[in-house]
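# An overview of the molecular structure
One-letter residues, chain by chain:
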Amino acid sequence: MTILFASLLPVPLAQARILTVRVTDASGKPARDVIVTLRPQGKPNPVPRPVTGYRIDQKDTQFHPFISVVPVGTNVSFPNLDPFKHHVYSFSPAKRFELKLFARDQTRSVTFDKPGIIAVGCNIHDSMSAFIYVTDTALTARTDAQGRAIFDDVQALPYTLGLWHPYLSAQGNSVTRPVQAGTSDSNESIAIRFRAAPMHNMSSY
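Just so we're clear, the structure is a prediction, and the values are computed from it rather than from any experiment. (Residues numbered from 1 in each chain as written. Predicted model: local features only at pLDDT ≥ 70, side-chain atom pairs only at ≥ 80, totals over all residues. Heavy atoms only, no water.)

## So, unusual backbone geometry
For the bond running from H64 to P65, omega is 5 degrees, close enough to zero to count as cis. Mapped onto the fold, P65 is located in the loop between β5 (62-64) and β6 (67-71). For T61, which is not a glycine, the phi torsion comes out positive at approximately 60 degrees. Position of T61 among the secondary structure elements: in the loop between β4 (57-59) and β5. (Helix = DSSP H or I, 4+ residues; strand = E, 2+ residues; numbered from the N terminus.)

What follows is the structure, given as structure tokens:
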């Protein structure tokens, strides 16, 4: 699934062009759920607006979804759908928080007011983990099952293209590179390497 906040950027349609980013793993297979960002070089980032109604469920002793991407300032709810209590927390510098024990059908929420990566866990169930990518640029997308992130309203500018995934094998689990969006539709192809996922997490990466 591609999540794109680019539609929030007011770009004149006459100048808008499609930029498709294709991400593959080291074997050439499409890499899904990679967060892709575009940041104009020498210009301010197009600011995303917070979204409403975003939630991360606790069900079957897992967080759903495993990877989330939300604009900065978004309030995220954490409903507990399991028949036992959870204790959700994060020690990540971008947002430290603790939602002390709460039971089935109870919900707690957190506002993520700074950009960054937030690793989320449960203090009771070590097998539970999730990641929240809090973005400060409206040009943010997540690759779909075909490894594609499609930006449908970019201007002809030089950009810094960023990729992030919790199991991307690079410092900070991210890589960047310059790209040039042209006056016509264009494509970028990037191959990345994944490190092995922990046994209790998603094994398909």
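## Thoughts on the packing of aromatic side chains
Throughout the structure, instances matching the rule amount to seven aromatic pairs. Geometrically, the ring pair formed by F66 and F131 is edge-to-face, given 5.7 Å between the ring centres and 85 degrees between the ring planes. A residue pair is termed long-range when its members are at least 10 positions apart, and F66 in the loop between β5 and β6 and F131 in strand β12 (residues 129-135) qualify at 65 residues. For the pair F66 and F131, one class covers both residues: buried. Measuring from centroid to centroid gives 5.6 Å for Y133 and W164, while their planes differ by 55 degrees, and the two rings are tilted. Placement of the pair is Y133 in strand β12 and W164 in strand β15 (residues 158-164), with a sequence separation of 31 residues. When sorted by exposure, Y133 lands in the same class as W164, which is buried. Three or more aromatic residues joined by ring pairs make a cluster, and in this case those are F66, F131, Y133, W164 and Y167. (Phe/Tyr/Trp six-rings, centres within 6.5 Å; stacked < 30°, edge-to-face > 60°. Buried < 20%, exposed > 50% of the residue type's maximum accessible area, 1.4 Å probe, protein only.)

## Some points on the environment of S189
Looking at where S189 falls in the secondary structure, it is placed in strand β17 (residues 186-191). Taking the C-alpha atoms as reference points, S189 and V23, 166 residues apart in sequence, are found 5.9 Å from one another. What S189 contacts, discounting residues up to four positions off in sequence, is R22 and R177. (Contact = heavy atoms within 4.5 Å.)

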